[in-house]
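# Structural characterization, general
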Amino acid sequence: MVHIGNLIHAYFEEKRIRRAAMARRMDINLINLMKMEKKESLQTSRLLEISTILQHNFFMDIAQSLPTTFTTNKDIFEEKNLEIAQLKKEVEKLTIERDILLKVKG
C-alpha cells in the first residue's frame, strides 16, 4: 500500500515546499496540512487539488508503484511507442541510403 502522506511529505522535502504557503494556497490551516502528511490515504479530490497546485502528478507516482502486470484503460506509452516505431523506420531508411552511398563512392 502506498502511504499518500509520506509521498506528499517526501515531495515537500525534495522541492523545499513551504508548508505555510501551501496551506494558504489550499485555504486550510497549517496544522491540517501537516496532519495530511501523516495520513495513509486522502480523498481523491484533495490529492487532485494538491497535484493541481503543485503541478505534479501524484496519481502517476502512485501508479508507478503498482506492479507492471496491472492493467489500465489508457496506454500511457502509446505515443512514445509510435514515435519509437517512426524513428526505427527512419534509421532503417538512413542505413539503406548510407549503404548505397558507400557502394557508389566505392
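Small disclaimer: the values here were computed from a predicted structure and weren't measured. (Residues numbered from 1 in each chain as written. Predicted model: local features only at pLDDT ≥ 70, side-chain atom pairs only at ≥ 80, totals over all residues. Heavy atoms only, no water.)

Time to look at the pattern of salt bridges. Per the stated rule, a full pass over the model turns up 6 salt bridges. For the salt bridge of Arg 19 with Glu 37, the shortest nitrogen-to-oxygen distance reads 2.8 Å. Of this pair, Arg 19 sits in helix α2 (residues 19-26) while Glu 37 sits in the loop between α3 (30-36) and α4 (44-54), and the two are 18 residues apart along the sequence. The residue Glu 49 makes a salt bridge to Arg 46 at a minimum N-O spacing of 2.7 Å. Separated by 3 residues within a single helix, Glu 49 and Arg 46 lie in helix α4, roughly one turn from each other. Residue classification places Glu 49 among the partly exposed residues on the basis of a relative accessible area of 25%. Given a relative accessible area of 26%, Arg 46 falls into the partly exposed group. Salt bridges sharing common partners tie together Glu 13, Arg 19 and Glu 37. (Salt bridge = Lys/Arg side-chain N within 4 Å of Asp/Glu carboxyl O. Helix = DSSP H or I, 4+ residues; strand = E, 2+ residues; numbered from the N terminus. Buried < 20%, exposed > 50% of the residue type's maximum accessible area, 1.4 Å probe, protein only.)

We now examine the packing of aromatic side chains. For the coordinates displayed, the defined rule picks out 1 aromatic pair. Ring centres of Tyr 11 and Phe 58 lie 5.3 Å apart, and the angle between their planes is 75 degrees; on these two criteria the pair is classed as edge-to-face. In this pair, Tyr 11 is assigned in helix α1 (residues 4-15) and Phe 58 in helix α5 (residues 58-64), connecting sequence segments 47 residues apart. (Phe/Tyr/Trp six-rings, centres within 6.5 Å; stacked < 30°, edge-to-face > 60°.)

A positive phi is found at Arg 16, a non-glycine position, where the angle reads about 55 degrees. Within the element layout of this structure, Arg 16 appears in the loop between α1 and α2. For Arg 16, a relative accessible area of 74% puts it in the exposed group. Not every positive phi belongs to a glycine, and Gln 55 is a case in point at roughly 55 degrees. Relative to the elements of secondary structure, Gln 55 occurs in the loop between α4 and α5.

Grouped together as the largest cluster of nonpolar side chains are 17 residues, with contacts concentrated most on Ile 8, Met 22, Met 26 and Ile 50. Elements with a contribution of two residues or more to this core: α1, α2, α3, α4 and α5. (Core = buried A, V, L, I, M, F, W, Y, C linked by side-chain atoms within 4.5 Å.)

So, about a nonpolar patch on the surface. On the surface, a nonpolar cluster with roughly 310 Å² of combined accessible area is contributed by Ile 96, Ile 100 and Val 104. With respect to the helices, strands and loops of the structure, Val 104 is situated in helix α6 (residues 78-105). Overall, Val 104 belongs to the exposed group, its relative accessible area being 69%. (Patch = residues over 30% accessible without salt bridge, like charges linked within 9 Å, V, L, I, M, F, W, Y side chains within 5 Å. Areas by Shrake-Rupley, 256 points an atom, 1.4 Å probe, with all protein chains shown as cover.)

That's the geometry; what it means functionally is another story.
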